[in-house]
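The residues making up each chain are set out below.
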Amino acid sequence: MNNLFTKLYLGDCLELLPKIPDCSVDLIFTSPPYADQRKNTYGGIHPDRYVDWFLPISEQLFRVLKPQGTFVLNIKEKVQNGERCVYVLELILSMRRQGWLWTEEFIWHKKNCYPGKWPNRFRDSWERLLQFNKQKQFQMFQENVMVPMGDWAKSRLRNLSQTDKIRDNSKVGSGFGKNISNWLDRKMAYPSNVLHLATECGNKSHSAAFPQALPEWFIQLFTKEGDVVLDPFMGSGTTNIVAKRMGRSSIGIEIMPEYFQMVDKKMNDYPLLLEN
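Enquirer: In this structure, what is going on with the confidence of the model for the protein? I would like to understand it.
Expert: Note: predicted coordinates in regions of low pLDDT should not be interpreted at a detailed level. For the protein, per-residue confidence averages 84 on the pLDDT scale, and 78% of positions sit at 70 or higher. A low-confidence stretch, residues 272-276 stays under pLDDT 50, and its non-local contacts, those more than four residues away or across chains, total 18 contacts.

Enquirer: What is the right way to look at unusual backbone geometry in this model?
Expert: With the exception of glycine, the majority of residues adopt a negative phi angle, and the majority of peptide bonds are in the trans configuration. Look at Cys-23: it is not a glycine, yet its phi comes out positive at around 50 degrees. Here Cys-23 shows up in the loop between helix 1 (13-16) and strand 2 (25-30). Even without being a glycine, Asn-81 presents a positive backbone phi close to 55 degrees. Tracing the backbone shows Asn-81 in the loop between strand 4 (79-80) and strand 5 (83-84).

Enquirer: Whenever I open this one, the packing of aromatic side chains confuses me. Can you help?
Expert: The description of an aromatic ring pair uses the distance of the two centres, along with the angle that the planes make with each other. Summed over the entire model, instances satisfying the criterion amount to 16 aromatic pairs. Plain terms: the ring middles of Tyr-50 and Tyr-87 are 4.7 Å apart, the flat faces sit at 45 degrees to each other, and that makes the pair tilted. With Tyr-50 in helix 3 (residues 47-64) and Tyr-87 in helix 4 (residues 87-98), this pair connects stretches of sequence that are 37 residues apart. Side by side, Tyr-50 and Tyr-87 carry an identical accessibility label, which is buried. When the centroid spacing of 5.9 Å and the interplanar angle of 45 degrees are considered together, the rings of Trp-53 and Phe-233 count as tilted. Highlighted residues: Trp-53 in helix 3 and Phe-233 in the loop between strand 11 (228-231) and helix 8 (238-245), separated in sequence by 180 residues. According to the relative accessible area criterion, Phe-233 is buried, its value standing at 15%. One aromatic cluster is present, formed by Phe-29, Phe-106, Phe-138, Phe-210, Trp-217, Phe-218 and Phe-222 through successive ring pairs. Directly above the aromatic system of Phe-5 lies the positively charged group of Lys-7, at a separation of 4.9 Å from the ring centroid. Here the guanidinium or amino end of Lys-134 rests over the ring plane of Phe-62, the centre of that ring lying 4.8 Å away.

Enquirer: Teacher, can you tell me more about the environment of Leu-10 here?
Expert: Here Leu-10 shows up in strand 1 (residues 6-10). Placed 242 residues apart in sequence, Leu-10 and Gly-252 show a C-alpha to C-alpha distance of 8.6 Å.

What counts, and where the lines are drawn
Residues numbered from 1 in each chain as written. Predicted model: local features only at pLDDT ≥ 70, side-chain atom pairs only at ≥ 80, totals over all residues. Heavy atoms only, no water. pLDDT = per-residue confidence, 0-100. Contact = heavy atoms within 4.5 Å. Helix = DSSP H or I, 4+ residues; strand = E, 2+ residues; numbered from the N terminus. Phe/Tyr/Trp six-rings, centres within 6.5 Å; stacked < 30°, edge-to-face > 60°. Buried < 20%, exposed > 50% of the residue type's maximum accessible area, 1.4 Å probe, protein only. Lys NZ or Arg CZ within 6 Å of the ring centre and 35° of its normal.

Written as structure tokens, this is what we have:
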């Protein structure tokens with residue numbers, strides 16, 4: 001573990017990503033500015049221009065990601081003129097044409113989102129986490145994120161219907177499939193693709209900070225100790241801080257000098273390689 005590093009770059013990620021070698025990153029976990037949001041900080045990108053703005057960045061991310069690596073994109077469409085924008089859907093389709101595989105979509109359920117009321121909708125309490133890969137076979141450590149089976153197994157699983165008892169076993173090699181009886185007497189289960197996490201976090205110095213538990217879950221799932229994690233929209237440095245705590249190397253890029261310096265101060269307790 002003596003080869004661990006943390007590299008922080010100050011500047012535009014589109015200009016700085018070319019400094020990163022090809023196929024050198026195991027996990028990209030990031031949350032770019034959403035369309036027309038954080039205008040006071042990042043200037044804002046109009047929904048009609050968002051895809052054209054992001055595609056040159058995703059092209060560079062495709063280049064730096066290892067063949068078995070994973071890209072997790074935290075993003076959420078906004079409501080404009082009474083309807084949802086479609087730039088996230090358009091971005092997914094455009095990235096697929098760029099060569100990405102859209103392999104999964106996770107939902108972050110914000111357990112403590114702010115209350116509110118609007119004329120034609122309810123409050124948002126979730127965000128997307130889109131998983132992209134370069135190939136169908138990628139590095140994934142599912143056992144690292146297993147959860148306790150819970151008491152429900154004693155009742156629901158033991159009262160199986162005849163249909164459940166004769167359902168097919170797995171056709172993809174997992175050993176379980178639709179035959180629920182395969183799960184009896186097991187203490188741990190694999191989680192769903194919905195993450196229930198509160199929005200509160202220790203960092204109050206950034207307008208769009210996410211909780212440390214969010215990147216931590218994906219770092220556990222898609223990397224092992226010593227792997228390299230990249231956040232090209234570093235912000236308050238949550239991804240990089242968590243990666244360091246978990247024994248991963250990391251690279252962070254941030255365009256705002258005040259946030260870059262804030263992360264610098266937070267990382268003082270760790271061996272750090274800073275690059276401007």
